[in-house]
Amino acid sequence: MKLLANIGDAVGRHVHPDVRAEPIDAAVHRHFLTSRVLLSLGSLALAPLCLVGAAPAAWEAAALAWLVVPFGAALLVSRTGNLRAGEALSLLVWLGLGATLTLGAGSAFGLALLLMVPVEAAAASSAAVGAVAIVAAALLALGAALLSRFGQAGAAPGLSALGVAALLAALAYGGALATAAARTAQRRRAEERGARLRHSDLADAIDDVVLQFDRSGAAAAVGGAASVGGASQRLFCLPPQALLGRGFFERLHVADRPVFLKLVADTVSEGRGGTATMRLRTGRTLPSRRGDFDEPVFAVVDLSLRRRDVDAVDGAGARPVALGLLRDVSARAEQERLAAAAQDTQDRTHAGRDIFLANVSHELRTPLNAIIGFAEMLSNEALVPADPAKRRDYAAIIHESGLHLLAVVNGILDASKIESGAFDIRPEAFGLDELVAHCCDMVGLKADQTGVRLDQSVTPGALALVGDKRACKQIILNLLSNALKFTPAGGRVAIEARPEGNSVLIAVSDTGVGIAARDLPRLGDPFFQARANYDRPNDGTGLGLSVVRGLVGLHGGSIAIESAPGQGTRVSVRLPSDCRRAAPNAAGVTKIETISSYSSGTGHDGVPSGGRMQKFA
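Residues numbered from 1 in each chain as written. Predicted model: local features only at pLDDT ≥ 70, side-chain atom pairs only at ≥ 80, totals over all residues. Heavy atoms only, no water.

### Topic: the nonpolar core
- Formed by 42 residues in total, the largest nonpolar core has its most connected members in Leu432, Ile476, Leu479, Leu480, Ile495, Leu551 and Ile559.
- If you list the elements that add at least two residues to this core, you get α14 (388-420), α15 (432-450), α16 (469-485), β9 (492-500), β10 (503-510), α17 (544-554), β11 (558-564) and β12 (568-576).
- The element contributing the most residues to this core is α16, with 9 residues.
- Excluding residues that lie within four positions of it along the chain, leucine 479 makes contacts with Val508, Leu545, Val548, Val571 and Val573.
- Membership of the second largest hydrophobic core comes to 28 residues, among which are Leu235, Leu252, Phe260 and Val321. (Core = buried A, V, L, I, M, F, W, Y, C linked by side-chain atoms within 4.5 Å. Buried < 20%, exposed > 50% of the residue type's maximum accessible area, 1.4 Å probe, protein only. Helix = DSSP H or I, 4+ residues; strand = E, 2+ residues; numbered from the N terminus. Contact = heavy atoms within 4.5 Å.)

This is how it looks when you write it as structure tokens:
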């Protein structure tokens, strides 16, 4: 049985392409090809018996040739798709074989083979072809009887009138049954074709794809491939055959295939339907952002399955157990995504507003209180100290507080300009080594006061850069200030600058407290501070890295951050050597590549490094 099944599968692949789209017609063609090929193979297997002993007679060779003709009929149907011509040729085989045995060998067995004509005609798709063959068989039997009656040589001897009458009656009765069977089959095929057309019209009307599935998840069209052709081409740019068989399963996203198989299993075993949302690979492609190639486009689809209790077999011989409705919901999924993104933006805005109010109120109140308090003391004769040194100290505190307020306001304004796209860069040529040295001088006093060693490694005169000098100065100062702020006494902050191809690398590393992995996704968000809370140990508005991110984006550069708690942090900024040739990112937004792993060589709290890389916009 397995051998026959393998032969059937092999022969089934040779069904004419014009017929494969219709399951019923494809099954008829496949059965026709299989039976004729097997008959011819069996005849060829008997050929050696005719060669044993004496040379075969002419009628034996003719009989063997007739038994090979069905293979030619199968080849004709496979090449042209004309089933009526193949059936006519098959009927001619039995007529020729019967005539050869009756007239050539003088055997009455040849007349008995004529009974195969109505059997063959019953399976024919055309009643007219079968009727003609049955009439020809009756005439052949009548002619053989007349020849035998008059004693002609070669005719089958001993044919009685009663035997001939019985044979003719059997042929007539078989012909009537064959005609009725052929007409019934034609009517059934016409009804099935009408049902397929109705299914096709319904599928076009609902603008969905209707499929049926067997237990393995293989798909078949309810009304033939034509019923899904228009919808699949219109919705997914796919030919109908692309969704049939294993095609639907193979086009599902790998992560969604278990969901589909579970849906089919639940529908079959528990009898309850269900709906699953999955991603289906369509026939559309888009240019990839990762290289010079095209990437497939996935559509978001809803598949609704219901158990099918009809005991039917499709054209491929499988038994469908579930009926499915496939609907393209990409537009709805995109709306949900945009709504979720808007909600997330709104939540971040609210959270940022709360953090902003908390941070800014702290950053503004503290220096304002100092300014108001010490200014009141200096303006009140009763409170002003008599010591000139103290008066100078009070004035210095007022000056420092004013500078702090100015820095806070400038940071807020810069962040607002960058976010709104109103920040304009003014490129000019300058030496990066001189700029780094100047920035280190500016923060050197703070490093000395906090007990942090500040190192720099820059190649003198080798770093020519074309960019906004003020913006680059802001980038370096913000990175150094952040590193000093979060590095305890006895720690180390180092800045490195070197050329890398057509870009320049600026890296600031420290042996500070580091950043937890849970805080990495939000780095660069306005007003966000790692471990931010209202009793945070460090001052600041949380705008430093946000401003750096925006300024780097305006220069067309990139940022990478490596950090681990207790190990320290390394921020690497890459800027193009000439920002005029680099396209700035939209609205100054650049991606921050974060790595939750860093080893500075001097750890704190003994926290081991290790983690993963992530990218955040």
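### A short note on the packing of aromatic side chains
- Applying the stated criterion to the full structure yields 5 aromatic pairs.
- Each ring, one from phenylalanine 249 and one from phenylalanine 260, has its centre 6.2 Å from the other, and the planes form 45 degrees; the classification is tilted. Highlighted residues: phenylalanine 249 in helix α11 (residues 247-251) and phenylalanine 260 in helix α12 (residues 257-270), separated in sequence by 11 residues.
- Look at phenylalanine 249 and you get buried, because its relative accessible area is 14%.
- By relative accessible area, which is 0% here, phenylalanine 260 ends up buried.
- When the ring of phenylalanine 374 is compared with that of tyrosine 394, the centres are 4.8 Å apart and the planes differ by 45 degrees; the resulting orientation is tilted. One end of the pair, phenylalanine 374, is in helix α13 (residues 330-379); the other, tyrosine 394, is in helix α14, and 20 residues separate them in sequence. (Phe/Tyr/Trp six-rings, centres within 6.5 Å; stacked < 30°, edge-to-face > 60°.)

### Details of the confidence of the model for the protein chain
- Mean pLDDT over the protein chain: 76, with 72% of residues reaching 70 or higher.
- The least confident element of the protein chain, judged by mean pLDDT, is strand β14 (residues 613-616) at 37; the most confident is α11 at 91.
- Long-range and interchain partners of residues 311-317, a stretch whose pLDDT sits below 50, account for 14 contacts in this model, where long-range means more than four residues apart.
- The model gives residues 602-617 a pLDDT under 50, and that stretch makes 44 contacts with residues more than four places away or in other chains. (pLDDT = per-residue confidence, 0-100.)

### Comments concerning the pattern of salt bridges
- A complete count under the given rule lists 13 salt bridges for this structure.
- Note that aspartate 455 is salt-bridged to arginine 453, the shortest N-O span being 3.1 Å.
- For aspartate 455, the salt bridge is made with arginine 492, and the minimal N-O distance between the two is 2.8 Å. Here arginine 492 lies in strand β9 and aspartate 455 lies in strand β7 (residues 453-458), a separation of 37 residues in the sequence.
- Aspartate 455 gets classed as partly exposed once you look at its relative accessible area, which sits at 24%. (Salt bridge = Lys/Arg side-chain N within 4 Å of Asp/Glu carboxyl O.)

### What about the packing of α16 against α17?
- Following both chains from N to C, one finds α16 and α17 inclined at 150 degrees, their axes separated by 9 Å at the closest point. Note that α16 runs across α17; the crossing there is left-handed. Residues Ala471, Gln474, Ile475, Asn478, Leu479 and Asn482 of α16 lie in contact with α17, whose contacting residues are Gly544, Leu545, Val547, Val548, Leu551 and Val552.
- Of the residues assigned to the contact of α16 with α17, the class counts are 8 nonpolar, 4 polar and no charged. (Axes fitted to C-alpha atoms, helices over the stretch in contact; angles between N-to-C directions. Left-handed = near helix turned anticlockwise from the far one by under 90°. Nonpolar A, V, L, I, M, F, W, Y, C, P; charged D, E, K, R; others polar.)

### A look at the environment of alanine 74
- Within the secondary structure, alanine 74 sits in helix α4 (residues 58-80).
- For the pair alanine 74 and valine 37, spaced 37 residues apart in sequence, the C-alpha to C-alpha distance is 6.8 Å.
- Once you skip the residues sitting within four places of it in the chain, alanine 74 turns out to touch Phe32, Leu33, Arg36 and Val37.

### Digging into the packing of α15 against α16
- Put simply, α15 and α16 touch, their axes get as near as 10 Å, and they point 35 degrees apart. Classified by chirality, the crossing of α16 by α15 is right-handed. On the side of α15, the interface is formed by Leu432, Leu435, Val436, His438, Cys439, Cys440, Met442, Val443, Lys446 and Ala447, while α16 contributes Lys469, Cys472, Lys473, Ile476, Leu477, Leu480, Ser481 and Leu484.
- Residue classes in the contact of α15 with α16 are distributed as 13 nonpolar, 2 polar and 3 charged.

### A few points about α16
- A rise of 1.5 Å per residue sets the reference length of α16, with its 17 residues, at 24 Å; its end C-alpha atoms lie 24 Å apart and thus fit the reference within 8%.
- Regarding α16, the residues found buried are Ala471, Cys472, Ile475, Ile476, Leu477, Asn478, Leu479, Leu480, Ala483 and Leu484.
- For α16, the side-chain oxygen to backbone nitrogen distance between the N-cap and arginine 470 is 3.1 Å, and the N-cap itself is aspartate 468. (Expected span 1.5 Å × (residues − 1). Polar contact = N/O pair within 3.5 Å; in protein donor to acceptor, adjacent residues only side chain to side chain.)

### A few points about the environment of glycine 273
- When you line up the elements, glycine 273 lands in the loop between α12 and β3 (274-287).
- Glycine 273 sits 50 residues away from leucine 323 along the chain, and the two C-alpha atoms are 9.4 Å apart.
- Those residues in contact with glycine 273 that sit more than four places away from it in its chain are Thr267, Leu305 and Arg306.

### Focus on α12
- Taking 1.5 Å of rise per residue, the 14 residues of α12 would be expected to cover 20 Å, and the 20 Å separating its terminal C-alpha atoms lies within 8% of that figure.
- By the burial criterion, the buried members of α12 are Phe260, Leu263, Val264, Asp266, Thr267 and Val268.
- Against the buried residues of α12 lie β1 (209-213), α11, β3, β4 (294-307) and β5 (322-328).
- With its phi angle positive at about 75 degrees, glycine 271 sits one or two positions after the end of α12.

### Quick notes on the pairing of β11
- Along β11, 5 of the 7 residues are buried, which leaves the element largely enclosed by surrounding structure.
- With 7 bridges joining them, β11 and β12 adopt antiparallel strand pairing. Paired with glutamate 562 across the bridge in β12 is arginine 570.
- What sits between β11 and β12 in their antiparallel hairpin is a turn of 3 residues, with glycine 566 showing a positive phi close to 80 degrees. (Pairing = 2+ DSSP bridges.)

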